[in-house]
Number of protein chains: 2
Amino acid sequence: VQGAYSRAGVRPAGEIPGFGALLRRLAVTFTYPAPESRPVIDFGYYANVIPVTPELGVAISTDGVGTKILVAEALGKFDTIGIDCVAMNVNDVICVGAVPLTMVDYVAIESPSDDLLEQLGIGLAEGARLAGISIPGGELAQVPDMVRGIRPGSGVDLVGTCIGTVPLDRVLTGSRLVAGDALIGLASSGIHSNGLTLARRHLTRLEEVVPELGCSVGEELLKPTRIYAPYFRRLVASEVDLKALLHITGDGFLNLSRVRADVSFEIDDLPEVPPVFGLIQASGEIPDEDMFLVFNMGIGLVAVVPEQQAARAVELARDAGYEARLIGTVTGEPGRKVYLRPRGLVGEAGRFRRD
Amino acid sequence: VQGAYSRAGVRPAGEIPGFGALLRRLAVTFTYPAPESRPVIDFGYYANVIPVTPELGVAISTDGVGTKILVAEALGKFDTIGIDCVAMNVNDVICVGAVPLTMVDYVAIESPSDDLLEQLGIGLAEGARLAGISIPGGELAQVPDMVRGIRPGSGVDLVGTCIGTVPLDRVLTGSRLVAGDALIGLASSGIHSNGLTLARRHLTRLEEVVPELGCSVGEELLKPTRIYAPYFRRLVASEVDLKALLHITGDGFLNLSRVRADVSFEIDDLPEVPPVFGLIQASGEIPDEDMFLVFNMGIGLVAVVPEQQAARAVELARDAGYEARLIGTVTGEPGRKVYLRPRGLVGEAGRFRRD
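If you're wondering where the values come from, they're calculated on a predicted model, not measured in any experiment.

**Student:** Would you explain the environment of B:P224 in this entry?
**Tutor:** Residue and element names in this part refer to chain B. Within the secondary structure, P224 is located in the loop between α6 (217-222) and α7 (229-237). Of the residues examined, P224 reaches a relative accessible area of 27% and is grouped as partly exposed. The spatial distance from the C-alpha of P224 to the C-alpha of Q309 is 30 Å, given a sequence separation of 85 residues. Setting aside chain neighbours within four positions, we find P224 in contact with K68, T80, I83, D84 and S189.

Below, the structure is given as structure tokens:
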């Protein structure tokens, strides 16, 4: 049980008290609409899809920026966090094969100010531009008794919900994966919007400039999450048979195991881990098993394509301005295990362990 | 400037510092999607609509339950607040003429517990049942540094985003209203999910049982927001020419002025104001001008229909189990003024004043 409900930050979702009970209560709602309007995916994937015509589905997904907003508060810089909000939602919607169209946002604030809200708007608009979507409405809640931040009055929460369209016969859930399919990894821009709670625990001096980062710790942690919608649009317009798209969020490479096909994954060529992750790992003496569970470790999106189209899928990514490479292959081993060969790790049942 | 962005709780949205700047930043995003996928409504209505085929639009709206959750915390009773979350979103989506299909939820918690999350699920599922929608995904964020409640560890925020479908030639924005059209008022169940901040300020003894309420103050404030989707479904299936549907939320009857036609509203037959509002008004010595701006005062939804179909529209509501009555008419006076004749009030420019 993970998925749209998986990125819960502090603990793996499956271990949150009451999480299973919540899902069981919501599962019954799948039958409340008329049969032709019922969701087509079970809990646990990146987004769900609702049929709106006999041929067309609308994908919907919601996500917030989490404790990355506390870094924005610490730096007093709110003009990029809206990009993260768009990215986290758009990157989930493309994973079910949907073209993102629009997003609404929810802002909860302790104390509004001209500067804060305009800066949020700047980031949201820039994210929308990068993703090619509109933001045609939202909700602004002044709830000083309900939000808090790093100092009195600074509290803010930022959440989005994105929708897009997908032909019902092209919904992606990774059900068509077969042994030999290629895993294409696209570089992340850094920490993205997952693992900030752990990162902040160990990197407390946000103002410190670190030579290997080329900027301060705070600036590095605040770098906007990369938006992969332009790559998705190119893939869809190409001859490549896209079989799965996997946003690497909380749970790291274990996100691969969300696919519906009963296969496993061999990752044998990981790119060099970006310096920010090395810094966190060294500061917190965090084992590889946890680092690869909490962080993206340099890969923000994985596309699964037929072996013979791997080179083309990499080329399309590079044409769109992304660093991309073949990082591994699908294998016929059942169990949805994720082998990280360069690190000697294997992931299954929500954990990585030494292989 | 109000609308999807209007229900901001503490201050009228137009007076929130930075709110105008935020909207200006987001307005440019309307042009980012391809022309055939751009939002069809300006900011300020209950929901927006995105075309997904040449004939069909998808409505989208987001809203939270706000400080009503603090009442739930005080009573330690979380199994109905999910109904409010569904209601606030579904009631907005029907106002643009859309049949609600699904909702995703966002839960931010300070400290998860079995009981809390299951109770939230019970309410969400009951709301979904009443509205005939699914809840096929959501996001659970454990963010103890970002939320707070009435006591350490109790903090929670609950937000939904609902979508529905509407033929593009049947999108409701109140543009077809003409003098003589009838205003049908449907009873609210009580305070619904607006004005709780003001109510809590003046009704501090939540455990006190008040004879005229027939329950404790806390129980009264926690009564779930009424869901009007079943009425909407009956109207759409009927011969009634529905011209506007207006959810009475923050800004009270001034919500009528959201309509796009340049008309005004004569309300000449208000039902007796439910006791909870009298209690708040007496406790806080609050003038009528503010009561009618902050609270629904007994009417949760207004339908606008041709004069000769008023009786039928009332009958359909009663058949569906709602108390309903003709409360007034549309007039040809320009300016979108709202006259509350029984109280001698007129509302315009975001305020009620003595007429």
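There is more to say, and it comes next.
**Student:** Would you mind going over the packing of helix α3 (residues 81-94) of chain B against helix α4 (residues 114-131) of chain B with me for this structure?
**Tutor:** Packed helices, taken two at a time, are described by the angle between their axes plus the distance between the axes. Residues and elements named next belong to chain B. Where α3 meets α4, the axes come as close as 6 Å, and the angle between the chain directions of the two elements is 40 degrees. The angle between α3 and α4 places the two elements in the oblique class. Remark: the crossing between α3 and α4 carries right-handed chirality. Two secondary-structure elements touch here, α3 through I81, G82, I83, C85, V86 and V90 and α4 through L120, G123, L124, E126, G127, A128, L130 and A131. Looking at the contact of α3 with α4 residue by residue, the class counts come to 10 nonpolar, three polar and one charged.

**Student:** Mind showing me how you'd approach the interface of chain A and chain B here?
**Tutor:** When the parts come together, some accessible area is lost, and that loss is often what is quoted as the size of the interface. Residue-level contacts link 80 residues of chain A with 81 residues of chain B. Across the chain A to chain B interface the summed buried area is about 6,900 Å²; carbon plus sulfur atoms make up 65%. Looking only at chain A, the three residues that lose the most surface to chain B are A:Q142, A:M146 and A:R148, adding up to 12% of its buried area. Linking chain A to chain B there are six salt bridges. Counting across the chain A and chain B interface gives 19 residue pairs in polar contact (both at pLDDT 80 or more). Only α1 (19-27), β1 (48-51), β2 (56-64), α2 (68-75), β3 (99-109), α4 (114-131), β4 (138-142) and β5 (156-167) of chain A provide two or more residues apiece to the side of chain A that touches chain B. Among the elements that line the side of chain A that touches chain B, the one with the most residues is α4(A), at nine residues. Of the residues that constitute the side of chain A that touches chain B, the class distribution is 46 nonpolar, 20 polar and 14 charged.

**Student:** Which parts of the structure should I look at to understand the packing of aromatic side chains?
**Tutor:** Given two aromatic rings, their pairing is described by the distance between the two centres and the angle made by the two planes. All names here are of chain A. Counted by the stated rule, this structure contains 12 aromatic pairs over all chains. An aromatic cluster of at least three residues, connected via ring pairs, comprises Y228, Y231 and Y322. Against the face of Y46 rests R258, its NZ or CZ located 3.9 Å from the ring centre.

**Student:** What am I meant to see in the sheet that holds strand β15 (residues 351-354) of chain B here?
**Tutor:** Strand pairs in the sheet, formed through backbone hydrogen bonds, run parallel or antiparallel to each other. Residues and elements named next belong to chain B. Spatially, the eight strands line up as an open sheet ordered β9-β11-β6-β12-β10-β13-β14-β15, and their pairing is mixed. The sheet is open, and its two borders are formed by β9 (244-247) and β15, each paired with just one other strand. Between one strand and the next, the sheet's axes are offset by a mean angle of 25 degrees, whatever the strand orientation. Direction of pairing for strand β10 (residues 264-267) relative to strand β12 (residues 324-331): antiparallel, over a ladder of four bridges.

**Student:** Help me understand the sheet that holds strand β13 (residues 338-340) of chain A in this model?
**Tutor:** All names here are of chain A. Pairing in this open sheet of eight strands is mixed, and the strands run β9-β11-β6-β12-β10-β13-β14-β15 from one edge to the other. For this open sheet the edge positions go to β9 (244-247) and β15 (351-354), each flanked by a neighbour on one side alone. In this sheet, neighbouring strand axes are inclined to one another by 25 degrees on average, regardless of whether the strands run parallel or antiparallel. Note: strand β6 (residues 182-187) against strand β12 (residues 324-331), five bridges, orientation antiparallel. Bridge pairing in β12 places L183 opposite G328. Helix-sheet contacts for helix α10 (residues 310-319) involve β6, β11 (299-305) and β12, and the interaxial angle to β12 is about 145 degrees.

The rules behind the values
Residues numbered from 1 in each chain as written. Chains lettered and ligands numbered in written order. Predicted model: local features only at pLDDT ≥ 70, side-chain atom pairs only at ≥ 80, totals over all residues. Heavy atoms only, no water. Helix = DSSP H or I, 4+ residues; strand = E, 2+ residues; numbered from the N terminus. Buried < 20%, exposed > 50% of the residue type's maximum accessible area, 1.4 Å probe, protein only. Contact = heavy atoms within 4.5 Å. Axes fitted to C-alpha atoms, helices over the stretch in contact; angles between N-to-C directions. Parallel < 35°, antiparallel > 145°, perpendicular 65-115°, else oblique. Left-handed = near helix turned anticlockwise from the far one by under 90°. Nonpolar A, V, L, I, M, F, W, Y, C, P; charged D, E, K, R; others polar. Buried area = accessible area lost by both parts, 1.4 Å probe. Salt bridge = Lys/Arg side-chain N within 4 Å of Asp/Glu carboxyl O. Polar contact = N/O pair within 3.5 Å; in protein donor to acceptor, adjacent residues only side chain to side chain. Phe/Tyr/Trp six-rings, centres within 6.5 Å; stacked < 30°, edge-to-face > 60°. Lys NZ or Arg CZ within 6 Å of the ring centre and 35° of its normal. Pairing = 2+ DSSP bridges.

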